[in-house]
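Single-letter residue listing:
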Amino acid sequence: DTMERAVHAASLVKAEYVKEESDTDFENAKADEKKLKKPGEYKRGDTDAYKKGEVSIEEEYTIPSETHNPMELHATIAAWDGDDKLTVYDKSQGPKGTQRELAQCFGLDEKNVRVVVEYVGGAFGSGLRSWPHVPAAVIAAKKVKRPVKLIVTREQMFTTVGYRPHAWQKIGISAGKDGKLTGITHHAVSITSRYEDFGEGIVNVSQFLYDCPNVNTSYRLLPLDVNTPTWMRGPGPATGCFALESALDELSYKLNIDPIELRVINHAVLHPVSKLPWSTKFLKECYVLGKEKIGWQNRPTVPGSVTEDGMLVGYGMAGGVFGAGRGQASAKGILKADGTLTLQSAVSDMGPGTSTAMVTMGAQFMELPANKISFELGDTDLPNGPTQGGSGTTSAIGTAINVVCTALKQTLKEMAIANVPAFANLKPEALKYEQGIISVTENVSINISYTDILKAANKPEIEVVKDSGRATAEAQKYAMNSFSVHFVKLHVHPVTGVIKLKQIVSAADAGKIISENTARSQMVGGAVGGIGMALTEEVNIDNRYGRYTNANFGDYHVPVNADAPPMDVVFVNKADIIISPTGAKGIGEIALVGVAPAIANAVYNATGKRIRNLPITPDKLI
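Sequence positions are assigned chain by chain, starting from 1 and proceeding in written order. Restriction of local features to residues with pLDDT of at least 70 applies here, the model being predicted, together with a cutoff of 80 or more for giving and counting side-chain atom pairs; totals for whole chains, interfaces and linings are based on all residues. Just so you know, side-chain values use all the structure's heavy atoms and leave hydrogens and water out.

Draft legend 1. Structural view of the overall build of the protein. Scanning the protein from terminus to terminus reveals 13 helices and 23 strands. Radius of gyration means the value over C-alpha atoms here, while the globule rule gives 2.2 Å times the residue count to the 0.38 power. By the compact-globule yardstick of 25 Å for 622 residues, the protein fits well, its C-alpha radius of gyration being 27 Å. In terms of principal-axis extent, the alpha carbons of the protein reach across some 80 × 70 × 50 Å. Only protein chains enter the area calculation, which uses a 1.4 Å probe; residues under 20% of their type maximum are buried, those over 50% are exposed, and those in between are partly exposed. Buried residues in the protein amount to 56% of all 622 residues. Throughout, a contact is declared for two residues whenever any of their heavy atoms are within 4.5 Å. Considering only intrachain contacts with a sequence separation of at least 6, the fraction spanning at least 24 residues in the protein is 79%. In this description, accessible areas are obtained by the Shrake-Rupley approach with a 1.4 Å probe, and a residue is regarded as covered only by the protein chains that are shown. Carbon and sulfur atoms form 51% of the exposed surface of the protein, whose accessible area is close to 26,600 Å². Strands here mean DSSP runs of E at least two residues long; helices mean DSSP runs of H or I at least four residues long; both are numbered from the N terminus.

The following block contains the structure:
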């Protein structure tokens, strides 16, 4: 009944273990074909065509396991009401998903499980599923018949809530002397646990990001005695683009073609796999915007040839891509006679500014001042909201809010006809809604405010619940992606190998930007994650014991403020109304995808040393 007694009680528990040999050595295990599983393969044109190319490279790239490690630890509060009703407060990116999992796990009706999670203090993908501590808290609460709060330790954040999997990649790529790609071969192996297969399509970016007639890829999983990985910001493309964008940079030097020009030469107008046009694609505009901001004309063409203040200077760039489809979501709108609009959906917010974006779109769609609108979220008692992940929240819920606002306008027209004499006998289509006013289209002097309509009908409020529906049949005719290009300027100390980032410019094709401030914050946050991926982050494991040796903030180095240089963010800001009526695509993933290879490419430009094994630490440069 006190924290101290609980800790003491835990200290009295004794455990006995049966020791077995463990295998956690990725480098040794991946060489054994018998240990690899689930080969996923793709081919168009000729296999290994790069081997016959005029100019070609063949290299291997690796990234270590990386953990999400937000400052806020995973935590759960569980409380039972009798034997069949459960309330859980959790750190989750998907309240509805957690509700479904708990209902299934404990044999409860979903309606009897309530999950509350409004704002999440960072997750980066670690909150996309329920981990063992969640049902553990529920079981404990059932046993002691009291609410139980469970917080995992920092060390347990390395072993219980997933991570970006350790991955090896081999790329062969070729081009003619004019820079036109003739062949790409991309193989990858990443780790998973013995008890669960986790894969993330690492090689997929090589299949479609550039126009190339001959492409073959393979992706395999390597089960080891480790915990299961999970999605981490930019899953799949973040890892795949490190290899692909580094390899393209290497090829550009062999061809003596500017890295940006090489990418423009191989720009794909149609999706190379599906042969569909993109709903929108403004990748070329990103190149132009970014190269101007970074001062690309100052880039040394010969690596290691330029210095500033005694430091080697390097410039690098790389592209990023992620899917931009629209999921399904529901929302409720409550329009009140006091002039306010409340919007609701059961989605959590882990930092992208979901509430701000929904209020902004509500103000746009309902033509009301933003200070009259509020957005309520993070409770499974609210209409079904999507899991916040995969850069799809804004377009999914925004579409639902658009439908809600359209329905509210229609309801107001019908109420005006039924309750206001001046509108009697008119059809709804004879009326128009503008800036909160219903008026007769042919005679706008006959009008009434929405608040007066509610008062005339003697209703304190009207309520509408609507679903966004699936993407339209028309949308199936298009490929849908968000794109980014990241540019980096950095200094490298010629003796110690210490890297100092001087400037990062991120240019994004993310559709219509709903909220400039929160969108910029997303891009900056993603770039900081990319800095960690490139320069600092690495899980170390002692293969003798299968134990992580740096499961803490002292030894696992996340980037800090001192590591982050001045950053510029530029948006193409052109709407994609094929994906959704909001015009938005996704930002969260493309903010990180491509940052690590841009830094690696800049390091090579500064030093002439190509580092293909992340992170790029000073010992690898001296």
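Next, the rest of the story.
Draft legend 2. View of the sheet that holds strand E23 (residues 567-571). By the convention used here, strands pair only if DSSP detects at least 2 bridges between them. Strand order across the open sheet formed by five strands is E10-E11-E19-E20-E23, with mixed pairing between neighbours. With one partner strand each, in any of the chains shown, strand E10 (307-308) and E23 form the two edges of the open sheet. Each of strand E11 (311-323), strand E19 (481-492), strand E20 (499-509) and E23 is contacted by helix H8 (residues 283-294), which is oriented at about 20° to E19, the strand it contacts most. Along the sheet face, helix H12 (residues 516-536) touches E19, E20 and E23 and points at about 125° away from the line of E23. Angles here are taken between N-to-C directions and fall from 0 to 180 degrees, while the axes themselves are lines fitted to C-alpha atoms, restricted in helices to the stretch in contact.

Draft legend 3. Geometry of the nonpolar core. Counting 82 residues, the largest nonpolar core has Ile173, Leu181, Leu490, Ile599 and Ile616 as its most contacted members. No other element matches helix H6 (residues 237-255), which puts nine residues into this core. The contact partners of Ile173, leaving out residues within four places of it in the chain, are Tyr50, Val55, Ser56, Ile57, Leu181, Gly183, Ile184, Ala247, Leu248 and Leu251. One finds Leu408, Leu412, Ala457 and Ile462 within the second-largest nonpolar core, a separate group that totals 45 residues. The criterion is simple. A nonpolar core is a set of buried Ala, Val, Leu, Ile, Met, Phe, Trp, Tyr and Cys residues joined through side-chain atoms within 4.5 Å.

Draft legend 4. Seen up close, the packing of helix H3 (residues 95-106) against helix H4 (residues 133-144). Remark: H3 packs on H4, axes separated minimally by 11 Å, with the N-to-C direction vectors making an angle of 55°. Overall, the two elements H3 and H4 adopt an arrangement that is oblique. Seen from above, H3 lies across H4 with right-handed handedness. Every residue of H4 that contacts H3 at Leu102, Cys105 and Phe106 is listed here: Val134, Pro135, Val138 and Ile139. The scheme is simple: roughly parallel for angles under 35 degrees, roughly antiparallel for over 145, roughly perpendicular for 65 to 115, oblique for anything else. Each crossing is labelled by how the near helix is turned from the far one, with a counterclockwise turn of less than a right angle marking it left-handed and a clockwise turn marking it right-handed.

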